[in-house]
Every structure is written in C-alpha cells, then in structure tokens.
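An overview of the molecular structure
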Amino acid sequence: MENLISLVNKIQRACTALGDHGEESALPTLWDSLPSIAVVGGQSSGKSSVLESVVGKDFLPRGSGIVTRRPLVLQLHKIDEGREYAEFMHLPRKRLTDFAAVRKEIADETDRETGRSKQISSVPIHLSIYSPNVVNLTLIDLPGLTKVAVEGQPDSIVQDIENMVRSYIEKPNCIILAISPANQDLATSDAIKISREVDPRGERTIGVLTKIDLMDKGTDAVDILEGKSYKLQYPWIGVVNRSQADINKSVDMIAARRREREYFANSQEYRHLAQKMGSEHLGKVLSKHLEGVIRSKIPALQSLISKTIVELETELSRLGKPIATDAGGKLYMIMEICRVFDQIFKEHLDGSRSGGDKIYNVFDNQLPAAMKRLQFDKNLSMDHVRKLITEADGYQPHLIAPEQGYRRLIESSLGSIKGPAEAAVDAVHAILKELVHKAISETELKQYPALKVEVSAAACESLDRMKEESRKATLLLVDMECGYLTVEFFRKLPQDIEKGGNPTHSIFDRYNDAYLRRVGTTVLSYINMVCATLRNSIPKSIVYCQVREAKRSLMDYFFAELGGKESKQLASLLNEDPAVMQRRASLAKRLELYRSAQTEMDAVSWSK
Ligand code: GDP
Ligand code: MG
C-alpha cells in the first residue's frame, strides 16, 4: 500500500478540507466515491487470510469450517500520527490497540448475533482501523459460499449466503477479490461463478489463487496463473497464505511474506511468474487500481473545489468585511457605515427609494382634511357670534363696529387650527422615523447590534429635536395669523356692515339675526382665507424644520460624539452579531482550506 499512501498523503490535506468539517453543507468527498474491496469465495478458501495480508495486519479470525459468519465491514482510516488502534461501531469510543483482542471481539460479536451455532447473519460488523500506515479504504470480509447446509444450519443457508454476498459485490464501485483455492478444481470455484454474474467482463474482478502450496504432488497451477484456464481482465495472482499450523504457531506476517516470496522464487514451476505472484504483488495491484480510480476523480474534485470557492467568496462578500483592529480603522468603519445609512435615508426622502411620498400625502390629504373637519361654519353659529360679541363689548356695546368681537371670533377659530397643524408635524415625524428604521435595515448596521441601537437612538433623538423646532415654528405661524389681521380684507367690506348697519336701526338692532349672520359670514370668509394661506405655509415650515434638516444634519450629533469616544467604546459599538461573526470566521477558515486544497490538488494532478 506504500505507493498509494504517498499519493494519498498529498491528496489527504486537500480532502480533509472537503470531508472533515462535519458542518451544515456536507460535500461529497473523494472517500465517498472510493471503491470498497470485497473478498468472495467458498468456505475456507482463504478469504480472511488474503484480506489480512492486504491490510498487513493479523486481526481476523481464520480457520477451518465456517468461521466468518457475518460480513465484516472494515474501514481503514489514515491518521497523521499516533498509535494504531481499532474501534468497533458496536463499542463506541473503546479504542483497542491489541489486535488479538480485536480478533476475539469479532468472534464474540459474531456469536452474540448468531449464537454459537453455525448460523450466519447478514448484519455486518463494523470495524474501523486508525493508522498512519493505511489509506482510507473499505474492505469487506464475507462469509464463505457453501454448497450444502450442515448440521444446525437451516436449508436456506446456501441461498442466503449467496444473496448476501451478491448484495455487496454487485455495487459498481466494489472491487472483487475472487478467491479460489488451488487445491480444488477451478470449474467448481464459487468465487468465479458469482463474480462472473455481477461483473461479466471482469473489469473489477481480481482472481486470487490460494493454497498453491497445498496442491497434489505432480499438479501445478501454471495454466490458471497464466490465464490459460480462465481468462480475466486482470492477470491471476497466486498466493501462499499461512497454513493452519502456522496460525497455531503464531507465525507473524513478515515471516509469512518472506516464506511466500521464497516459495515462488525457488519453485521450478512458478519461478518465471514469481514477480507477479504473492500477497505483496496483490497489494501493489490493488494500490495501482485504486490510484487509477483516485486520479480519475481528481478533475471532478478540482471543479467541485473551484465551484465551492466561488460560493464561499460570494457569501463572504455578502457578510461584509471583518472589523478593523485599530481605533482609527474602527472609527472610519463606523463613519462609513453611518454615511451609507444617511445616504440611503436621503434616497428614501428623495424618491430613489420608497417612502418619501408619504410626506407629501400628509400635506396634500391629511392636513386639508383635518382642517376641513374643524367646521368653522358650525362654530360661527348665530348664538356663538352673539355670545362672543356681547362678551367682548362688556358693559358698553360697541359704537361703530364690534372690533373686539371680530378679533375674538377670529382668534377662537384660528386657534383650533393648531390641532391639525400639530398633527401634521407629528405625522411627518412618524414617517421620518419609519424611514430611519427602513434605512437601517438596508445597511450593514443590522449585523452590528450595538451600533444599530446607537445610530437608531441618535437619529431618533435628532428627529425629536427637529420635531420640537417644527412644532414651535408651525404654531408660530398660526399665532402670527392671530396676532395681526389683514386690514385690507375688512376695508373692502361693504360699509354698512362695518358701521353697524343702517343708521335708522337702533343700537339694539345691531344684534339682530341678519346682522349677526353677516358678521358670521365675514369672519368665516376671513378664516377661509387664512386657512388657505396656512395650508401652504405649514408644509413649508414642516419641510424646513424637519425634512430638510433631517437631510442636512441627521447624524451630526452622533458624529460629534463619536469623535470623543475611546477605542474600547468604538470596539463595543462594533460588536457584531455573534452569529454573523462566527459565520464569517468559519467561512473564512473554510475558504482557506479550500484554497490550500486547490493548490494541493493542482500539484497532485500534475505529479506522476
Ligand atoms: P476463509 O474461510 O475463506 O476466510 O478462509 P481462512 O482465511 O479462514 O482460511 C481457512 C484455512 O485455510 C485456515 O486454516 C488458513 O490457515 C488456511 N489457508 C488459507 N490460505 C492458505 C494457503 O495459501 N496455504 C495454506 N497452507 N493454508 C491456507
Ligand atoms: Mg473467513
């Protein structure tokens, strides 16, 4: 496996970036698409032995009779450093470093599921081996195919095992190690039979001939090994595993390998094939095959990586820049964010964004409607006119014209305009506040909760101040109308009204109905004239004090204060929403990984 390890080492770092983050958007990784390797063959043909020598470790139960009675899914995980250990899925977080104990646990776990009988089970045992000396790979040891049920086994067992085996090896990314023992006729090989079924063209089947050392004296496997008996896409590979006697004597793998090498090198029949025989060669063939598979995945991985890099960059730019570290940078950043906010706020007012039209609606609809609702004509009922004129006259009725009476009637009517005037001030204020919030939500401010609160408070404070000014100015307009009446209006009136009517009328006739009605009408038309003026001047005053001022100096106060803040206060203003901060950090980290993955991948794709 050494060849493969060096290639995979290069890709490893790249793939860690793709596979090991375990966060939200799990990506398909190289390892998901790597092939698994399964061994198939008759009972006691040497499957477990072959698998062990591929892994280079003694850890599988081996022996005569049906030993492997449950599938063993063995996952090899490469770790960067540290001691080799194994972990069973059914024993989470229990690290086994003694591989004899691993073998015993496989046997025990098999018995737990099937009982000590000769039954089999299709429930796999999952075993992971973590080691610096392996590549990430899945190997599957399967129960041996049989021909008849023995004592204690149900009749269906033959078919059951076959179905189970087929379910593993029919997957297109499964490499089949078809194990046939050399001391049996190849025509009876279960391995060849079933692998031909799922892989008719032999594109992923590697024929392995075991027990060459156990052949009858006078026979040899040369024809098979040379592909003359049964041709496969890949050349046949003969192996000599440890015999039961070796196992009993605990002959280790290194010694076994040496003996196997010697066996092929020294035997008359196989010497010419020696280079292409043995467990080591099988390991190399497998490595080469895997290498080819891995290399074929590189272009897809490369495009996946570049696609992901683009996605990550897009999201990062959407999240905005990370915060500056020095005070100046922070101040600049805050000012910049506020400037953008201010700009957006203005755009809402000016009409390039929505909302400013609501203000015109106040002037065009709300204010005139509210003024209309004051119903001056009802206020100027005859009784009311009489009451006010009489009161204004006091103990002496007016002589020429009820000057004081007029003034009081006009003042009391005009006073009521203050209501709609103030309402207009308030309505515009509310709209401005709404636009402030709208603008805030359209800026980066939403990701700095502290700054958002401060800016929103500062803007609202400014608006409050402006509203107060506007209220004063608007009421002043009304007061000014009360303070000085338009003289011309009265001068132009028909004289008899002003003079108190026809001289033939007695002084008491001055309060008769017709007279009072005339006074009422005069006052009403004056009020209407003033109303028309105010309908024009109130919006001017509101715009001057609130809208124009908001556009001019909404953030002035805040900026002035900002200048006096210390670095620490600025930092706390820029305390981002922790979620955003975290997201940006993890995106940036991921992006870095992907960029280095890209570099690694590029290097690998050029190397041979
Ligand atoms: P499995 O049932 O197919 O998994 O076969 P095992 O790997 O358990 O091997 C069955 C028996 O055959 C064990 O006793 C092994 O020692 C023995 N065996 C396997 N391969 C060879 C071989 O190449 N030569 C010899 N002499 N014995 C072997
Ligand atoms: Mg076995």
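Residues numbered from 1 in each chain as written. Chains lettered and ligands numbered in written order. Predicted model: local features only at pLDDT ≥ 70, side-chain atom pairs only at ≥ 80, totals over all residues. Heavy atoms only, no water.

Looking now at the overall build of the protein. A count of helical and extended segments in the protein gives 23 helices and eight strands. Here the protein has a C-alpha radius of gyration of 48 Å; the compact-globule value for 608 residues is 25 Å, and the former is much larger. Principal axes of the C-alpha set define a box for the protein whose edges measure 160 × 55 × 40 Å. Relative to its 608 residues, the protein shows a buried fraction of 48%. About 31000 Å² of surface is accessible on the protein, with carbon and sulfur atoms providing 52% of the total. (Helix = DSSP H or I, 4+ residues; strand = E, 2+ residues; numbered from the N terminus. Rg over C-alpha atoms; globule rule 2.2 N^0.38 Å. Buried < 20%, exposed > 50% of the residue type's maximum accessible area, 1.4 Å probe, protein only. Areas by Shrake-Rupley, 256 points an atom, 1.4 Å probe, with all protein chains shown as cover.)

As a further point, take the coordination of the magnesium ion (ligand 2). Coordination sphere of the magnesium ion (ligand 2), protein contribution only: Ser 48 (OG) and Thr 68 (OG1), at 2.1 to 2.2 Å. With a gap of 20 residues between them, Ser 48 in helix α3 (residues 47-55) and Thr 68 in the loop between α3 and β2 (72-78) connect regions that are remote in the sequence. Here Ser 48 and Thr 68 have matching classes, each one buried. (Donors = N, O, S within 2.8 Å, 3.2 Å for Na, K, Ca; no water.)

For the structure shown, the criterion picks out 34 salt bridges. The salt bridge involving Arg 595 is made with Glu 313; its shortest N-O contact spans 2.4 Å. Of the two residues, Arg 595 is situated in helix α23 (residues 578-606) and Glu 313 in helix α10 (residues 278-319); the sequence distance between them amounts to 282 residues. For Arg 471, the salt bridge identified is with Glu 422, shortest N-O distance 3.1 Å. On the criterion of sequence distance, the pair formed by Arg 471 in helix α17 (residues 449-483) and Glu 422 in helix α16 (residues 418-441) is long-range, its members being 49 residues apart. Residue Glu 422 is classed as partly exposed on the basis of its relative accessible area of 27%. (Salt bridge = Lys/Arg side-chain N within 4 Å of Asp/Glu carboxyl O.)

Where interface size is quoted, it is often the accessible area lost as the parts come together. Taken domain by domain, the protein consists of domain 1 (4-20 + 33-316 + 596-606) and domain 2 (327-575). Taken over C-alpha atoms, the centre of domain 1 sits 89 Å from the centre of domain 2. (Domains from an automatic or database assignment.)

Right, let's get into the site of ligand 1. What surrounds ligand 1 is a group of 19 residues, the closest being Lys 47, Ser 49, Asn 241, Arg 242 and Gln 244. Between ligand 1 and the protein, one listed contact pairs an oxygen atom with a side-chain N or O atom of Ser 49 at 2.6 Å. One of the side-chain N or O atoms of Gln 244 is found 2.3 Å from an oxygen atom in ligand 1. Within the complex, the protein chains bury 96% of what would otherwise be the 570 Å² of accessible surface of ligand 1. Going through the elements one at a time, α3 and α8 (244-248) are the ones with two or more residues in the shell around ligand 1. Taken together, the residues of the shell around ligand 1 break down into four nonpolar, ten polar and five charged. (Near = heavy atom within 4 Å. Polar contact = N/O pair within 3.5 Å; in protein donor to acceptor, adjacent residues only side chain to side chain. Nonpolar A, V, L, I, M, F, W, Y, C, P; charged D, E, K, R; others polar.)

We now examine the environment of Glu 197. Relative to the helices and strands, Glu 197 is located in helix α6 (residues 190-198). By relative accessible area, Glu 197 is classed as partly exposed at 44%. As for Glu 197 and Gln 275, which are separated by 78 residues in sequence, their C-alpha atoms are 30 Å apart. Apart from the residues lying within four places of it in its own chain, the contact partners of Glu 197 are Glu 162 and Arg 166. (Contact = heavy atoms within 4.5 Å.)

Moving on to helix α9 (residues 253-266). The terminal C-alpha atoms of α9, which comprises 14 residues, lie 20 Å apart, in line with the 20 Å expected from a rise of 1.5 Å per residue. For α9, the full list of buried residues reads Met 253, Ala 256, Glu 260 and Phe 264. With its buried residues spanning 65 degrees around the axis, α9 presents them on a single face. Structural note: α9 exposes Ile 254 and Asn 266 on the side pointing more than 90 degrees away from its buried face. Summarising the contacts, the buried residues of α9 are in contact with α3, β8 (237-238) and α10. (Expected span 1.5 Å × (residues − 1). Arc of directions from axis to C-beta.)

On to the sheet that holds β2. Pairing between sheet strands relies on hydrogen bonds along the backbone, with the strands arranged either parallel or antiparallel. An order of β3-β4-β2-β5-β1-β6-β7-β8 is seen for the eight strands of this open sheet, with the pairing classed as mixed. In this open sheet, the two edge strands, each paired with only one partner strand, are β3 (85-88) and β8. Across four bridges, the pairing between β3 and strand β4 (residues 125-131) is antiparallel. In the sheet register, Glu 87 faces β4, and the bridge partner there is Ser 128. Sitting on the sheet, α6 is in contact with β1 (36-41), β6 (174-181) and β7 (205-210), with an inclination near 155 degrees to β6. (Pairing = 2+ DSSP bridges. Axes fitted to C-alpha atoms, helices over the stretch in contact; angles between N-to-C directions.)

The next subject is the packing of helix α11 (residues 327-350) against helix α20 (residues 513-553). Helix-helix packing: each pair is described by the crossing angle between the helix axes and the interaxial distance. Where α11 contacts α20, the axes come no closer than 9 Å and their chain directions differ by 150 degrees. Comparing their axes, α20 and α11 come out roughly antiparallel. Judged by the sense of rotation from one axis to the other, the crossing of α11 with α20 is left-handed. Only Val 547, Ala 550 and Lys 551 of α20 make contact with α11, whose side of the interface consists of Phe 345, Lys 346, Leu 349 and Asp 350. Residue composition of the contact of α11 with α20, by class: four nonpolar, no polar and three charged. (Parallel < 35°, antiparallel > 145°, perpendicular 65-115°, else oblique. Left-handed = near helix turned anticlockwise from the far one by under 90°.)

Where the residue is not glycine, phi is negative for most of them; where a peptide bond is considered, it is trans in most cases. One non-glycine residue, Ser 44, lies in the positive phi region at around 60 degrees. Tracing the chain through its elements places Ser 44 in the loop between β1 and α3. Phi at Arg 93 takes a positive value of approximately 60 degrees, unusual for a residue other than glycine. On the basis of relative accessible area, Arg 93 is assigned to the exposed category, the value being 74%.

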